[in-house]
Amino acid sequence: MPARTLPSTAPLTEPANTFHNGHGPDSWLDQQRQRAASNRLPADRAQVLHTLAPYWNPPRHISRQRMYTRVRLLNGRALTPPLRRWINTRHRNWQTLHPDQQTLLHSIGLGLPRSATT
């Protein structure tokens, strides 16, 4: 079976309550991020993670990716106040977002209209 690959801009995060065989993948990823920060992550593992999702170890705080994942997984359900604030902040600061972040928000229907970004 071919390896699962993600879009190049997709974050590699899971909701906090996701478990597989009793283990939360995000806790494992957090450990890998900590190892990378202290130069203790084996190069081959870093390469595999980067191949799966180039943004597995984001330059910004991981909480941004977690919020994006929560919003993406809502599937049309009502936004909670924290998620609504997160979206409003992204919209207020749209011009400062990296183009990849803008693309991700557009991909889930939360980007600003193209006319509002020029």
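Everything numeric here is computed off the predicted structure, so don't read it as measured data.

Undergrad: Can you help me understand the side chain of Gln-32 in this one?
TA: As for its position among the elements, Gln-32 is in helix 1 (residues 25-37). Under the relative-accessibility criterion, Gln-32 is labelled buried at 0%. Apart from residues no more than four positions distant in its own chain, Gln-32 is found in contact with Leu-41, Arg-45, Leu-49 and Trp-56.

Undergrad: Please clarify how the pattern of salt bridges should be interpreted in this entry.
TA: Opposite charge on two side chains permits pairing when their charged atoms draw close. Scanning all chains against the criterion turns up one salt bridge. A salt bridge links Asp-30 to Arg-33; the nearest nitrogen and oxygen atoms lie 3.1 Å apart. Of this pair, Asp-30 and Arg-33 both sit in helix 1, three residues apart, roughly one helical turn.

Undergrad: Can you walk me through the packing of helix 3 (residues 63-72) against helix 4 (residues 81-92) in this structure?
TA: Two numbers describe a pair of packed helices, the interaxial angle and the distance between the axes. Relative orientation of the contacting elements helix 3 and helix 4 amounts to 115°, with a least axis distance of 10 Å. The orientation of helix 3 relative to helix 4 falls into the category roughly perpendicular. Where helix 3 crosses over helix 4, the handedness of that crossing is left-handed. Of helix 4, the residues touching helix 3 (which contributes Arg-64, Met-67, Tyr-68, Arg-70 and Val-71) are Pro-82, Leu-83, Trp-86, Ile-87 and Arg-90.

Undergrad: Whenever I open this one, the nonpolar core confuses me. Can you help?
TA: Most often, soluble globular proteins have nonpolar side chains that are buried together. With 13 residues, the main nonpolar core has Val-71, Trp-86 and Leu-105 as its most contacted residues. Contributing elements (two or more residues each) for this core: helix 3, helix 4 and helix 5 (99-107).

Undergrad: Help me out: how do you make sense of the confidence of the model for the protein chain in this one?
TA: Detailed conclusions should not be drawn from predicted coordinates in areas where pLDDT is low. In the predicted model, the protein chain carries a mean pLDDT of 77, and 73% of its residues have values of at least 70. Every residue in residues 1-10 scores below 50 in pLDDT, and together they form 14 contacts with partners more than four places removed in sequence or on other chains.

Undergrad: Even after reading the chapter, I still don't get helix 4, so can you show me in this structure?
TA: Because the α-helix completes a turn every 3.6 residues, residues three or four places apart line up on one side. Between the first and last C-alpha of helix 4 there are 16 Å, a value that for twelve residues agrees with the 16 Å anticipated at 1.5 Å per step. Considered for burial, the residues of helix 4 that qualify are Leu-83, Trp-86, Ile-87 and Arg-90. Take helix 4 and look down its axis: the buried residues cluster within an arc of 95°, on one side only. Facing away from the buried surface of helix 4 by more than 90 degrees, the exposed residues are Pro-81, Arg-85 and Arg-92. Buried residues belonging to helix 4 abut helix 3 and helix 5.

Undergrad: Just to check I follow, could you spell out the side chain of Arg-90 for this structure?
TA: Following the sequence through the fold, Arg-90 ends up in helix 4. Put simply, Arg-90 is tucked away with no salt bridge, and the nearest opposite charge, on Asp-100, sits 14 Å away. If near-sequence neighbours (up to four positions away) are discounted, Arg-90 is found in contact with Arg-64, Leu-97 and Leu-105.

Calculation criteria
- Residues numbered from 1 in each chain as written.
- Predicted model: local features only at pLDDT ≥ 70, side-chain atom pairs only at ≥ 80, totals over all residues.
- Heavy atoms only, no water.
- Helix = DSSP H or I, 4+ residues; strand = E, 2+ residues; numbered from the N terminus.
- Buried < 20%, exposed > 50% of the residue type's maximum accessible area, 1.4 Å probe, protein only.
- Contact = heavy atoms within 4.5 Å.
- Salt bridge = Lys/Arg side-chain N within 4 Å of Asp/Glu carboxyl O.
- Axes fitted to C-alpha atoms, helices over the stretch in contact; angles between N-to-C directions.
- Parallel < 35°, antiparallel > 145°, perpendicular 65-115°, else oblique.
- Left-handed = near helix turned anticlockwise from the far one by under 90°.
- Core = buried A, V, L, I, M, F, W, Y, C linked by side-chain atoms within 4.5 Å.
- pLDDT = per-residue confidence, 0-100.
- Expected span 1.5 Å × (residues − 1).
- Arc of directions from axis to C-beta.
- Lys, Arg positive; Asp, Glu negative; His and termini not counted.

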